[in-house]
Amino acid sequence: MMDVVNKYKQELLQNVLPFWTKNSNDKEFGGYFTCLDREGQVFDTDKFMWLQGRQIWTMSSMYHAVENNDTWKEMAIQGADFILKHGQDPQGDWYFSLDRSGKPLVQAYNIFSDCFASMGLGALYKIEKNDQYAEIAHQTFNRILDRRENPKGKYNKQFPNTRNLKGFSLPMILSNLALELEHIIDKKTVDTLIDEVIHEVMDVFFQEDTGLIMESVNLDGSFSDTFEGRLVNPGHIIEAMWFMMDLAARRHDMKLMDQCVDIALRALNYGWDEQYGGILYFKDILDKPLLQLEWDQKLWWVHLEALVCMAKGYAYTGRQECKDWFEKLDAYTFLRFSDPQYGEWYGYLTRQGTPLNTLKGGKWKGCFHVPRALYKVYNALEQIENLSTIK
(Lines give C-alpha, C1' and ligand atoms only; values in the text may rest on other atoms or scores of the structure.)
Protein backbone atom coordinates (compact mmCIF):
# COMPACT_ATOMS: atom_id res chain seq x y z
CA MET A 1 0.00 0.00 0.00
CA MET A 2 2.87 2.42 0.75
CA ASP A 3 4.04 2.12 -2.87
CA VAL A 4 0.64 3.46 -3.97
CA VAL A 5 0.79 6.24 -1.38
CA ASN A 6 4.20 7.31 -2.67
CA LYS A 7 2.98 7.16 -6.26
CA TYR A 8 0.18 9.64 -5.53
CA LYS A 9 2.43 11.90 -3.45
CA GLN A 10 5.01 12.00 -6.20
CA GLU A 11 2.37 12.74 -8.84
CA LEU A 12 1.05 15.63 -6.73
CA LEU A 13 4.37 17.17 -5.72
CA GLN A 14 6.47 16.54 -8.83
CA ASN A 15 4.05 16.42 -11.76
CA VAL A 16 0.97 18.50 -10.93
CA LEU A 17 1.57 21.36 -8.48
CA PRO A 18 4.82 22.51 -10.17
CA PHE A 19 2.87 22.89 -13.43
CA TRP A 20 0.55 25.42 -11.81
CA THR A 21 3.12 27.28 -9.72
CA LYS A 22 5.28 27.73 -12.82
CA ASN A 23 2.60 28.69 -15.33
CA SER A 24 -0.60 30.04 -13.76
CA ASN A 25 0.43 33.05 -11.67
CA ASP A 26 -0.45 36.40 -13.25
CA LYS A 27 2.23 38.56 -11.64
CA GLU A 28 1.13 41.71 -13.49
CA PHE A 29 -2.62 41.86 -12.75
CA GLY A 30 -3.11 39.22 -10.06
CA GLY A 31 -5.21 36.10 -10.06
CA TYR A 32 -4.48 33.03 -12.14
CA PHE A 33 -4.26 32.03 -15.76
CA THR A 34 -6.22 28.81 -16.23
CA CYS A 35 -6.26 28.53 -20.02
CA LEU A 36 -3.01 26.62 -20.42
CA ASP A 37 -1.96 24.34 -23.27
CA ARG A 38 -0.14 21.07 -22.91
CA GLU A 39 3.21 22.73 -22.20
CA GLY A 40 1.72 25.33 -19.84
CA GLN A 41 1.62 28.25 -22.29
CA VAL A 42 -1.27 30.71 -21.81
CA PHE A 43 -3.72 30.57 -24.73
CA ASP A 44 -6.39 32.88 -23.27
CA THR A 45 -6.24 35.41 -20.41
CA ASP A 46 -9.91 35.47 -19.30
CA LYS A 47 -10.37 34.60 -15.63
CA PHE A 48 -13.27 32.41 -14.55
CA MET A 49 -14.33 33.07 -11.00
CA TRP A 50 -15.01 29.54 -9.87
CA LEU A 51 -11.56 28.49 -11.10
CA GLN A 52 -10.00 31.45 -9.27
CA GLY A 53 -11.76 30.40 -6.06
CA ARG A 54 -10.82 26.76 -6.58
CA GLN A 55 -7.14 27.60 -7.01
CA ILE A 56 -7.15 29.70 -3.84
CA TRP A 57 -8.58 26.65 -2.08
CA THR A 58 -5.98 24.34 -3.60
CA MET A 59 -2.95 26.46 -2.75
CA SER A 60 -4.26 27.14 0.77
CA SER A 61 -5.19 23.52 1.41
CA MET A 62 -1.90 22.16 0.12
CA TYR A 63 -0.05 24.58 2.41
CA HIS A 64 -2.25 23.59 5.36
CA ALA A 65 -2.30 19.82 4.83
CA VAL A 66 0.77 18.84 2.80
CA GLU A 67 3.68 21.17 3.54
CA ASN A 68 4.34 24.81 4.46
CA ASN A 69 5.45 25.84 0.99
CA ASP A 70 5.64 29.65 0.95
CA THR A 71 5.06 29.76 -2.81
CA TRP A 72 1.66 28.12 -2.38
CA LYS A 73 0.69 30.53 0.39
CA GLU A 74 1.81 33.58 -1.57
CA MET A 75 -0.18 32.41 -4.60
CA ALA A 76 -3.28 31.88 -2.47
CA ILE A 77 -3.03 35.38 -0.98
CA GLN A 78 -2.49 37.11 -4.31
CA GLY A 79 -5.42 35.20 -5.82
CA ALA A 80 -7.63 36.30 -2.93
CA ASP A 81 -6.50 39.91 -3.34
CA PHE A 82 -7.56 39.77 -6.99
CA ILE A 83 -11.04 38.33 -6.44
CA LEU A 84 -11.76 40.55 -3.45
CA LYS A 85 -10.89 43.61 -5.53
CA HIS A 86 -12.71 42.63 -8.73
CA GLY A 87 -14.91 39.58 -8.23
CA GLN A 88 -18.26 40.75 -6.83
CA ASP A 89 -21.16 42.75 -8.23
CA PRO A 90 -22.85 45.49 -6.15
CA GLN A 91 -25.19 42.89 -4.57
CA GLY A 92 -22.23 40.82 -3.37
CA ASP A 93 -22.71 38.01 -5.89
CA TRP A 94 -19.66 36.73 -7.74
CA TYR A 95 -19.24 37.30 -11.47
CA PHE A 96 -18.81 34.30 -13.72
CA SER A 97 -15.79 35.70 -15.56
CA LEU A 98 -13.49 38.70 -15.78
CA ASP A 99 -10.93 39.87 -18.29
CA ARG A 100 -7.27 39.70 -17.37
CA SER A 101 -7.27 43.07 -15.59
CA GLY A 102 -10.41 42.26 -13.58
CA LYS A 103 -13.16 43.94 -15.59
CA PRO A 104 -16.42 41.91 -15.56
CA LEU A 105 -17.19 39.91 -18.69
CA VAL A 106 -20.10 37.64 -17.66
CA GLN A 107 -22.71 38.49 -15.05
CA ALA A 108 -23.11 36.77 -11.68
CA TYR A 109 -25.55 34.15 -12.98
CA ASN A 110 -23.76 31.06 -11.69
CA ILE A 111 -23.98 30.31 -7.98
CA PHE A 112 -20.98 27.99 -8.18
CA SER A 113 -18.76 31.06 -8.52
CA ASP A 114 -20.03 31.97 -5.04
CA CYS A 115 -19.53 28.44 -3.71
CA PHE A 116 -15.89 28.28 -4.70
CA ALA A 117 -15.10 31.87 -3.71
CA SER A 118 -16.45 31.07 -0.24
CA MET A 119 -14.61 27.74 -0.15
CA GLY A 120 -11.33 29.30 -1.27
CA LEU A 121 -11.43 32.20 1.17
CA GLY A 122 -12.43 29.83 3.97
CA ALA A 123 -9.39 27.64 3.27
CA LEU A 124 -7.11 30.66 3.10
CA TYR A 125 -8.34 31.84 6.50
CA LYS A 126 -6.95 28.64 8.01
CA ILE A 127 -3.41 29.65 7.08
CA GLU A 128 -3.66 33.45 7.10
CA LYS A 129 -5.84 34.96 9.84
CA ASN A 130 -7.08 37.95 7.88
CA ASP A 131 -10.61 38.62 9.18
CA GLN A 132 -11.74 39.82 5.75
CA TYR A 133 -11.32 36.33 4.35
CA ALA A 134 -13.59 34.85 7.00
CA GLU A 135 -16.14 37.67 6.77
CA ILE A 136 -16.52 37.49 2.98
CA ALA A 137 -16.57 33.68 3.05
CA HIS A 138 -19.35 33.78 5.65
CA GLN A 139 -21.33 36.49 3.85
CA THR A 140 -21.06 34.60 0.59
CA PHE A 141 -22.17 31.38 2.27
CA ASN A 142 -25.26 33.12 3.67
CA ARG A 143 -26.00 34.55 0.24
CA ILE A 144 -25.77 31.04 -1.27
CA LEU A 145 -28.34 29.78 1.22
CA ASP A 146 -30.62 32.72 0.38
CA ARG A 147 -30.38 31.95 -3.34
CA ARG A 148 -30.50 28.17 -3.33
CA GLU A 149 -34.22 27.85 -4.19
CA ASN A 150 -33.65 29.92 -7.35
CA PRO A 151 -29.87 29.98 -7.89
CA LYS A 152 -29.88 31.83 -11.21
CA GLY A 153 -32.41 34.44 -10.10
CA LYS A 154 -33.16 36.90 -12.90
CA TYR A 155 -30.88 34.92 -15.23
CA ASN A 156 -33.13 31.86 -15.08
CA LYS A 157 -34.47 31.23 -18.59
CA GLN A 158 -37.16 28.82 -17.44
CA PHE A 159 -40.77 29.94 -17.93
CA PRO A 160 -42.27 30.17 -14.42
CA ASN A 161 -44.58 27.48 -13.02
CA THR A 162 -44.34 25.09 -15.96
CA ARG A 163 -41.75 22.31 -15.62
CA ASN A 164 -40.45 22.82 -12.09
CA LEU A 165 -37.38 20.64 -11.62
CA LYS A 166 -34.67 20.83 -9.01
CA GLY A 167 -31.01 20.12 -9.80
CA PHE A 168 -28.59 17.87 -7.96
CA SER A 169 -25.42 19.94 -8.30
CA LEU A 170 -26.06 22.50 -5.56
CA PRO A 171 -27.08 20.07 -2.78
CA MET A 172 -24.04 18.01 -3.71
CA ILE A 173 -21.68 20.99 -3.40
CA LEU A 174 -23.30 22.16 -0.16
CA SER A 175 -22.63 18.78 1.45
CA ASN A 176 -18.91 19.45 1.04
CA LEU A 177 -19.02 23.21 1.59
CA ALA A 178 -20.58 22.77 5.03
CA LEU A 179 -17.51 20.87 6.22
CA GLU A 180 -15.08 23.21 4.45
CA LEU A 181 -16.49 26.22 6.33
CA GLU A 182 -17.22 24.76 9.74
CA HIS A 183 -14.30 26.70 11.25
CA ILE A 184 -16.12 29.90 10.25
CA ILE A 185 -19.82 29.04 10.56
CA ASP A 186 -21.55 28.27 13.85
CA LYS A 187 -22.05 24.60 14.68
CA LYS A 188 -25.85 24.78 14.70
CA THR A 189 -25.93 26.12 11.14
CA VAL A 190 -23.48 23.46 9.96
CA ASP A 191 -25.40 20.61 11.62
CA THR A 192 -28.73 21.85 10.25
CA LEU A 193 -27.33 22.17 6.74
CA ILE A 194 -25.81 18.69 6.94
CA ASP A 195 -29.22 17.28 7.93
CA GLU A 196 -30.80 19.03 4.96
CA VAL A 197 -28.26 17.99 2.35
CA ILE A 198 -28.19 14.36 3.49
CA HIS A 199 -31.97 14.30 3.10
CA GLU A 200 -31.80 15.96 -0.33
CA VAL A 201 -29.10 13.70 -1.70
CA MET A 202 -30.13 10.38 -0.15
CA ASP A 203 -33.93 10.74 -0.09
CA VAL A 204 -34.95 13.23 -2.77
CA PHE A 205 -32.53 12.67 -5.66
CA PHE A 206 -31.86 8.99 -4.96
CA GLN A 207 -34.31 6.78 -6.84
CA GLU A 208 -35.16 3.48 -5.16
CA ASP A 209 -36.14 1.68 -8.36
CA THR A 210 -32.77 2.21 -10.11
CA GLY A 211 -30.56 2.62 -7.06
CA LEU A 212 -29.02 5.70 -8.70
CA ILE A 213 -29.15 9.47 -8.24
CA MET A 214 -30.69 11.63 -10.96
CA GLU A 215 -29.36 15.01 -12.10
CA SER A 216 -32.85 16.54 -11.98
CA VAL A 217 -36.13 15.51 -10.33
CA ASN A 218 -39.57 17.00 -9.80
CA LEU A 219 -39.91 19.18 -6.73
CA ASP A 220 -41.37 16.26 -4.77
CA GLY A 221 -38.44 14.04 -5.74
CA SER A 222 -40.37 12.01 -8.30
CA PHE A 223 -38.99 10.99 -11.68
CA SER A 224 -39.46 13.32 -14.67
CA ASP A 225 -39.59 11.57 -18.04
CA THR A 226 -37.85 14.44 -19.86
CA PHE A 227 -34.37 15.06 -21.26
CA GLU A 228 -33.36 16.65 -17.96
CA GLY A 229 -35.12 14.12 -15.77
CA ARG A 230 -33.68 11.06 -17.49
CA LEU A 231 -30.09 12.33 -17.29
CA VAL A 232 -27.56 10.43 -15.18
CA ASN A 233 -24.05 11.76 -14.52
CA PRO A 234 -22.12 8.87 -12.96
CA GLY A 235 -19.26 11.17 -11.95
CA HIS A 236 -21.55 13.44 -9.97
CA ILE A 237 -23.02 10.47 -8.13
CA ILE A 238 -19.62 9.08 -7.26
CA GLU A 239 -18.23 12.45 -6.11
CA ALA A 240 -21.31 13.07 -3.98
CA MET A 241 -20.92 9.68 -2.33
CA TRP A 242 -17.48 10.47 -0.95
CA PHE A 243 -18.87 13.75 0.38
CA MET A 244 -21.62 11.70 2.03
CA MET A 245 -19.09 9.16 3.34
CA ASP A 246 -17.25 11.97 5.13
CA LEU A 247 -20.53 13.07 6.70
CA ALA A 248 -21.32 9.49 7.68
CA ALA A 249 -17.90 9.18 9.32
CA ARG A 250 -18.46 12.44 11.17
CA ARG A 251 -21.72 11.03 12.54
CA HIS A 252 -20.47 7.48 13.09
CA ASP A 253 -23.39 6.37 10.93
CA MET A 254 -22.43 3.01 9.42
CA LYS A 255 -25.84 2.53 7.85
CA LEU A 256 -25.38 5.72 5.84
CA MET A 257 -21.77 4.75 5.08
CA ASP A 258 -22.79 1.37 3.66
CA GLN A 259 -25.55 2.99 1.62
CA CYS A 260 -23.04 5.47 0.15
CA VAL A 261 -20.64 2.69 -0.83
CA ASP A 262 -23.47 0.67 -2.38
CA ILE A 263 -24.62 3.64 -4.49
CA ALA A 264 -21.06 4.48 -5.57
CA LEU A 265 -20.39 0.91 -6.65
CA ARG A 266 -23.69 0.81 -8.51
CA ALA A 267 -22.83 4.07 -10.31
CA LEU A 268 -19.41 2.74 -11.30
CA ASN A 269 -20.89 -0.45 -12.71
CA TYR A 270 -23.57 1.55 -14.50
CA GLY A 271 -21.20 4.16 -15.95
CA TRP A 272 -18.25 1.95 -16.87
CA ASP A 273 -17.65 1.57 -20.60
CA GLU A 274 -17.22 -2.17 -21.08
CA GLN A 275 -16.05 -1.72 -24.67
CA TYR A 276 -13.24 0.81 -24.19
CA GLY A 277 -12.83 1.22 -20.45
CA GLY A 278 -13.33 4.38 -18.44
CA ILE A 279 -16.47 6.05 -17.13
CA LEU A 280 -18.96 7.56 -19.57
CA TYR A 281 -19.83 11.21 -18.97
CA PHE A 282 -23.61 10.96 -19.33
CA LYS A 283 -26.25 8.27 -19.74
CA ASP A 284 -30.02 8.28 -20.20
CA ILE A 285 -31.72 6.16 -17.53
CA LEU A 286 -34.18 4.84 -20.14
CA ASP A 287 -31.48 4.41 -22.81
CA LYS A 288 -32.97 7.10 -25.01
CA PRO A 289 -30.82 9.43 -27.17
CA LEU A 290 -28.99 12.13 -25.22
CA LEU A 291 -28.92 15.84 -25.96
CA GLN A 292 -25.35 15.99 -24.67
CA LEU A 293 -23.16 15.20 -27.67
CA GLU A 294 -20.20 14.78 -25.31
CA TRP A 295 -21.96 11.90 -23.52
CA ASP A 296 -19.28 9.35 -24.43
CA GLN A 297 -16.22 11.42 -23.52
CA LYS A 298 -13.98 10.39 -20.63
CA LEU A 299 -13.34 13.37 -18.31
CA TRP A 300 -10.50 13.90 -15.86
CA TRP A 301 -12.61 14.91 -12.87
CA VAL A 302 -14.99 11.95 -13.17
CA HIS A 303 -12.16 9.44 -12.89
CA LEU A 304 -10.34 11.35 -10.16
CA GLU A 305 -13.47 11.57 -8.01
CA ALA A 306 -13.99 7.86 -8.52
CA LEU A 307 -10.46 7.18 -7.27
CA VAL A 308 -11.13 9.29 -4.18
CA CYS A 309 -14.45 7.59 -3.57
CA MET A 310 -13.04 4.08 -3.81
CA ALA A 311 -10.01 4.93 -1.66
CA LYS A 312 -12.27 6.38 1.01
CA GLY A 313 -14.75 3.52 0.71
CA TYR A 314 -11.91 1.06 1.24
CA ALA A 315 -10.46 3.05 4.14
CA TYR A 316 -13.81 3.48 5.87
CA THR A 317 -15.23 0.00 5.35
CA GLY A 318 -12.52 -2.37 4.12
CA ARG A 319 -14.84 -3.66 1.39
CA GLN A 320 -12.98 -5.66 -1.24
CA GLU A 321 -15.11 -4.25 -4.08
CA CYS A 322 -13.73 -0.79 -3.34
CA LYS A 323 -10.14 -2.04 -3.48
CA ASP A 324 -10.79 -3.88 -6.75
CA TRP A 325 -12.39 -0.83 -8.35
CA PHE A 326 -9.62 1.45 -7.08
CA GLU A 327 -6.99 -0.70 -8.74
CA LYS A 328 -8.97 -0.81 -11.99
CA LEU A 329 -9.43 2.98 -12.00
CA ASP A 330 -5.82 3.60 -11.04
CA ALA A 331 -4.56 1.58 -14.01
CA TYR A 332 -6.86 3.40 -16.46
CA THR A 333 -6.38 6.98 -15.23
CA PHE A 334 -2.60 7.06 -14.97
CA LEU A 335 -2.22 5.48 -18.38
CA ARG A 336 -4.72 7.78 -20.09
CA PHE A 337 -4.77 11.14 -18.27
CA SER A 338 -1.38 11.76 -16.66
CA ASP A 339 1.23 13.58 -18.76
CA PRO A 340 4.68 12.90 -17.28
CA GLN A 341 6.37 14.74 -20.16
CA TYR A 342 4.90 18.21 -19.58
CA GLY A 343 3.08 17.85 -16.26
CA GLU A 344 -0.54 17.87 -15.08
CA TRP A 345 -3.31 15.75 -16.64
CA TYR A 346 -5.28 15.86 -19.84
CA GLY A 347 -8.88 16.84 -19.25
CA TYR A 348 -10.87 15.33 -22.08
CA LEU A 349 -10.49 11.99 -23.79
CA THR A 350 -12.39 10.39 -26.63
CA ARG A 351 -14.44 7.34 -25.85
CA GLN A 352 -11.48 5.25 -27.02
CA GLY A 353 -9.25 6.93 -24.42
CA THR A 354 -7.05 9.23 -26.51
CA PRO A 355 -6.77 12.98 -25.78
CA LEU A 356 -9.60 14.90 -27.43
CA ASN A 357 -7.40 17.98 -27.09
CA THR A 358 -4.21 18.65 -25.18
CA LEU A 359 -5.19 21.58 -22.96
CA LYS A 360 -4.30 21.33 -19.28
CA GLY A 361 -6.67 24.09 -18.20
CA GLY A 362 -9.45 26.19 -19.67
CA LYS A 363 -12.90 27.53 -18.87
CA TRP A 364 -13.87 24.52 -16.72
CA LYS A 365 -10.61 22.78 -15.83
CA GLY A 366 -8.21 24.45 -13.43
CA CYS A 367 -5.98 23.78 -10.45
CA PHE A 368 -8.44 21.80 -8.34
CA HIS A 369 -9.67 18.29 -9.14
CA VAL A 370 -6.28 16.75 -9.90
CA PRO A 371 -4.36 18.00 -6.84
CA ARG A 372 -7.33 17.57 -4.51
CA ALA A 373 -7.89 13.99 -5.61
CA LEU A 374 -4.23 13.01 -5.44
CA TYR A 375 -4.04 14.32 -1.88
CA LYS A 376 -7.35 12.78 -0.82
CA VAL A 377 -6.34 9.38 -2.20
CA TYR A 378 -2.99 9.14 -0.50
CA ASN A 379 -4.38 10.58 2.72
CA ALA A 380 -7.08 7.88 2.81
CA LEU A 381 -4.57 5.13 2.05
CA GLU A 382 -2.17 6.43 4.69
CA GLN A 383 -4.94 6.10 7.25
CA ILE A 384 -5.26 2.43 6.35
CA GLU A 385 -1.54 1.97 6.87
CA ASN A 386 -1.43 3.93 10.11
CA LEU A 387 -4.43 2.23 11.68
CA SER A 388 -3.61 -1.21 10.27
CA THR A 389 -7.32 -1.76 9.76
CA ILE A 390 -6.87 -3.71 6.55
CA LYS A 391 -4.27 -6.43 6.21
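Look up a bit, the structure's there.
Participant: Any details on the overall build of the protein chain? Residues and values, ideally.
Facilitator: Tallying secondary structure elements over the protein chain gives 12 helices and 13 strands in all. Here the C-alpha atoms of the protein chain give a radius of gyration of 20 Å, agreeing with the 21 Å that 2.2 N^0.38 yields for 391 residues. Each principal axis of the C-alpha distribution contributes one length, and for the protein chain these read about 55 × 50 × 40 Å. The long-range fraction of contacts in the protein chain, counting pairs at least 24 apart against all pairs at least 6 apart in sequence, stands at 67%. Accessible surface for the protein chain amounts to roughly 16700 Å². Of this, 47% is attributable to carbon and sulfur atoms. The centroid of the 43 positive side-chain charges in the protein chain is displaced by 2 Å from the centroid of its 55 negative side-chain charges.

Participant: So, the sheet that holds strand E4 (residues 97-98): which residues are in play, and what are the values?
Facilitator: Spatial strand order, E3-E4-E5: 3 strands in an open sheet with antiparallel pairing. At either margin of the open sheet sits one strand with a lone partner, and together these are strand E3 (47-48) and strand E5 (104-106).

Participant: Talk me through the packing of aromatic side chains; I want residue IDs and the actual numbers.
Facilitator: Following the criterion strictly, the structure yields 22 aromatic pairs and no others. Ring plane angle 80 degrees and centroid distance 5.2 Å describe the contact between Tyr 8 and Phe 334, whose orientation is recorded as edge-to-face. With a gap of 326 residues between them, Tyr 8 in helix H1 (residues 2-23) and Phe 334 in helix H11 (residues 320-336) connect regions that are remote in the sequence. Like Tyr 8, the residue Phe 334 is buried in the burial classification. Between Trp 272 and Trp 325 the ring centres are 5.3 Å apart and the planes differ by 70 degrees, which places this aromatic pair in the edge-to-face class. Taken together, the residues Trp 272 in the loop between helix H9 (254-271) and strand E11 (283-284) and Trp 325 in helix H11 connect sequence positions 53 residues apart. With respect to burial, Trp 272 and Trp 325 carry one shared label: buried. Put simply, the rings of Phe 48, Trp 50, Trp 57, Phe 96, Tyr 109, Phe 112, Phe 116, Trp 364 and Phe 368 pair up and form one aromatic cluster.

Participant: Please provide a residue-by-residue account of the environment of Asp 99, values included.
Facilitator: Examined against the element boundaries, Asp 99 turns out to sit in the loop between E4 and E5. For the pair Asp 99 and Asp 46, spaced 53 residues apart in the sequence, the C-alpha separation amounts to 4.6 Å. Not counting residues up to four positions away in its chain, the partners in contact with Asp 99 are Thr 45, Asp 46, Lys 47, Phe 82 and Leu 105. There is a polar contact of 2.9 Å between the side chain of Asp 99 and the side chain of Ser 101. Polar side-chain contacts of Asp 99 include one of 2.9 Å to the backbone nitrogen of Gly 102.

Participant: Which residues make up the nonpolar core, and what values go with them?
Facilitator: Side chains of a nonpolar character, in soluble globular proteins, are inclined to be buried together. If you look at the biggest cluster of nonpolar residues, it comprises 134 residues, and the most contacted ones within it are Leu 121, Met 202, Ile 213, Met 241, Met 310 and Leu 329. If near-sequence neighbours (up to four positions away) are discounted, Met 241 is found in contact with Val 201, Met 202, Ile 213, Cys 260, Ile 263, Ala 264 and Cys 309.

Participant: Any chance you could break down the pattern of salt bridges for me, citing the residues and the numbers?
Facilitator: A side chain of one charge can pair with a side chain of the opposite charge if their charged atoms are brought near each other. By the definition in use, this model includes 30 salt bridges. The closest approach of N and O atoms between Arg 147 and Asp 93, which form a salt bridge, is 3.4 Å. Placement of Arg 147 in helix H5 (residues 131-147) and of Asp 93 in the loop between helix H3 (70-86) and E4 is noted, with a sequence separation of 54 residues between them. For Asp 93, a relative accessible area of 7% gives the class buried.

Participant: Quick rundown of unusual backbone geometry? Include the residues and the values.
Facilitator: For Asn 161, which is not a glycine, the phi torsion comes out positive at approximately 60 degrees. Within the secondary structure, Asn 161 sits in the loop between H5 and strand E6 (165-167). On the basis of relative accessibility, which here comes to 68%, the residue Asn 161 falls in the exposed class. At Glu 344, a residue that is not glycine, the phi angle is positive and equals roughly 65 degrees. Looking at where Glu 344 falls in the secondary structure, it is placed in the loop between H11 and strand E13 (348-349).

Participant: Could you give an account of the packing of helix H4 (residues 111-127) against helix H6 (residues 169-180), naming the residues involved and the relevant values?
Facilitator: Two measures define how a pair of helices packs: the angle their axes make with one another and the distance between the axes. Between H4 and H6, whose axes approach to 10 Å, the crossing angle comes to 10 degrees. In terms of orientation, H4 and H6 fall into the roughly parallel class. The crossing of H4 and H6 is left-handed. Contact residues: H4 offers Ile 111, Phe 112, Cys 115, Phe 116, Met 119 and Lys 126, while H6 offers Ser 169, Leu 170, Ile 173, Asn 176, Leu 177 and Glu 180. Each residue belonging to the contact of H4 with H6 can be placed in one class, and the counts come to 8 nonpolar, 2 polar and 2 charged.

The rules behind these values
- Residues numbered from 1 in each chain as written.
- Predicted model: local features only at pLDDT ≥ 70, side-chain atom pairs only at ≥ 80, totals over all residues.
- Heavy atoms only, no water.
- Helix = DSSP H or I, 4+ residues; strand = E, 2+ residues; numbered from the N terminus.
- Rg over C-alpha atoms; globule rule 2.2 N^0.38 Å.
- Contact = heavy atoms within 4.5 Å.
- Areas by Shrake-Rupley, 256 points an atom, 1.4 Å probe, with all protein chains shown as cover.
- Lys, Arg positive; Asp, Glu negative; His and termini not counted.
- Charge placed at Lys NZ, Arg CZ, Asp CG, Glu CD.
- Pairing = 2+ DSSP bridges.
- Phe/Tyr/Trp six-rings, centres within 6.5 Å; stacked < 30°, edge-to-face > 60°.
- Buried < 20%, exposed > 50% of the residue type's maximum accessible area, 1.4 Å probe, protein only.
- Polar contact = N/O pair within 3.5 Å; in protein donor to acceptor, adjacent residues only side chain to side chain.
- Core = buried A, V, L, I, M, F, W, Y, C linked by side-chain atoms within 4.5 Å.
- Salt bridge = Lys/Arg side-chain N within 4 Å of Asp/Glu carboxyl O.
- Axes fitted to C-alpha atoms, helices over the stretch in contact; angles between N-to-C directions.
- Parallel < 35°, antiparallel > 145°, perpendicular 65-115°, else oblique.
- Left-handed = near helix turned anticlockwise from the far one by under 90°.
- Nonpolar A, V, L, I, M, F, W, Y, C, P; charged D, E, K, R; others polar.

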